[in-house]
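Working through the structure, step by step
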Amino acid sequence: MRISDDRYSRDRLRLDIAIQFIRHEARTHTIRQWTGLTDDRIRKLYRSYLHGGGLHVTRHRGKSPQQAGYFLRTVRLRQEAAVLASIGCLLGVLHYSRGTPARLSPGIGRAASVCQAYDTYCALVAEPAITMEHAVLLLVTLSHGVELALQGCRECGALLVADPLALHPARCVVCSPEGPRASKRLTCNH
Ligand SMILES: [Zn+2]
């Protein structure tokens, strides 16, 4: 009985997580990776979500984003990536042991925390520029510590997402010359 209850809870968790990924327009491939559900079950979930009165969601085709450099392209993306990374640290999605990040691997064990981090980011940022798919890419890439790394701003120490191989120490949006204009884009929903 106990085993059956545990299985039911795990299955229920996979479905709940899958619905959250669907709501955030994640690709089937990503949902499969993080929930372990089959493509067929995910397709059925899409249908039942829409028929059940869920919000309209777009099903994206093709490969998931893979370019880590995306998060450094604009001031806004750098700023929002820092917000998302900070939330990831607070929720334990990203954690470090003596400065080395622990690898974040897709799976149901961490999926709820990833969803919670993304929901929190969406609640804090007025118009989120980072999609769920990109959020997953950011958190996983940071956890590898090769293409992107968390650093402190050289002026104020604020947490930053930066290129670990960059020649110059990173500065946060506020301390960089273009900061004051761009920082107005980020507002809290309090
Ligand atoms: Zn700074």
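Keep in mind it's a predicted model, so treat the numbers as computed, not measured.

How each quantity is defined
Residues numbered from 1 in each chain as written. Predicted model: local features only at pLDDT ≥ 70, side-chain atom pairs only at ≥ 80, totals over all residues. Heavy atoms only, no water. Helix = DSSP H or I, 4+ residues; strand = E, 2+ residues; numbered from the N terminus. Rg over C-alpha atoms; globule rule 2.2 N^0.38 Å. Buried < 20%, exposed > 50% of the residue type's maximum accessible area, 1.4 Å probe, protein only. Contact = heavy atoms within 4.5 Å. Areas by Shrake-Rupley, 256 points an atom, 1.4 Å probe, with all protein chains shown as cover. Lys, Arg positive; Asp, Glu negative; His and termini not counted. Charge placed at Lys NZ, Arg CZ, Asp CG, Glu CD. Expected span 1.5 Å × (residues − 1). Donors = N, O, S within 2.8 Å, 3.2 Å for Na, K, Ca; no water. Tetrahedral: all angles 85-135°; square planar, octahedral: opposite > 155°, others 65-115°.

1. So, the overall build of the chain
Scanning the chain from N- to C-terminus turns up 7 helices and 4 strands. When its helices and strands are written in sequence order, the chain yields α-α-α-α-β-β-α-α-β-β-α. Relative to its length of 190 residues, the chain is compact, with a C-alpha radius of gyration of 18 Å against a globular reference of 16 Å. In terms of its C-alpha atoms, the chain occupies a principal-axis envelope of roughly 55 × 35 × 35 Å. Within the chain, buried positions represent 37% of all 190 residues. Partitioning the contacts of the chain with sequence separation of at least 6, the portion at a separation of at least 24 is 59%. Only carbon and sulfur atoms are counted for the fraction: they give 53% of the accessible area of the chain, which is about 11000 Å². In the chain, the 26 positive side-chain charges and the 15 negative ones have mean positions that sit 2 Å from each other.

2. Examining helix 6 (residues 132-144)
A rise of 1.5 Å per residue sets the reference length of helix 6, with its 13 residues, at 18 Å; its end C-alpha atoms lie 19 Å apart and thus fit the reference within 8%. Most of helix 6 is tucked away, with 12 of its 13 residues classed as buried. Within helix 6, burial applies to Met 132, Glu 133, His 134, Ala 135, Val 136, Leu 137, Leu 138, Leu 139, Val 140, Thr 141, Leu 142 and Ser 143. Directly after helix 6, the chain includes Gly 145, whose backbone phi takes a positive value near 70°.

3. Here we look at the coordination of the zinc ion
Six octahedral donors around a metal ideally sit at 90 or 180 degrees from one another, while four tetrahedral donors ideally sit at 109.5 degrees. Binding of the zinc ion to the protein goes through Cys 153 (SG), Cys 156 (SG), Cys 172 (SG) and Cys 175 (SG), at separations of 2.2 to 2.4 Å. Its 4 donor atoms give the zinc ion angles of 105 to 114° at the centre, a pattern that matches the tetrahedral case. Mapping the donors of the zinc ion onto the primary sequence gives the spacing C-x2-C-x15-C-x2-C. Take Cys 153: its relative accessible area is 5%, and that puts it in the buried class. Taking relative accessible area as the criterion, Cys 156 reaches 46% and is therefore assigned partly exposed.

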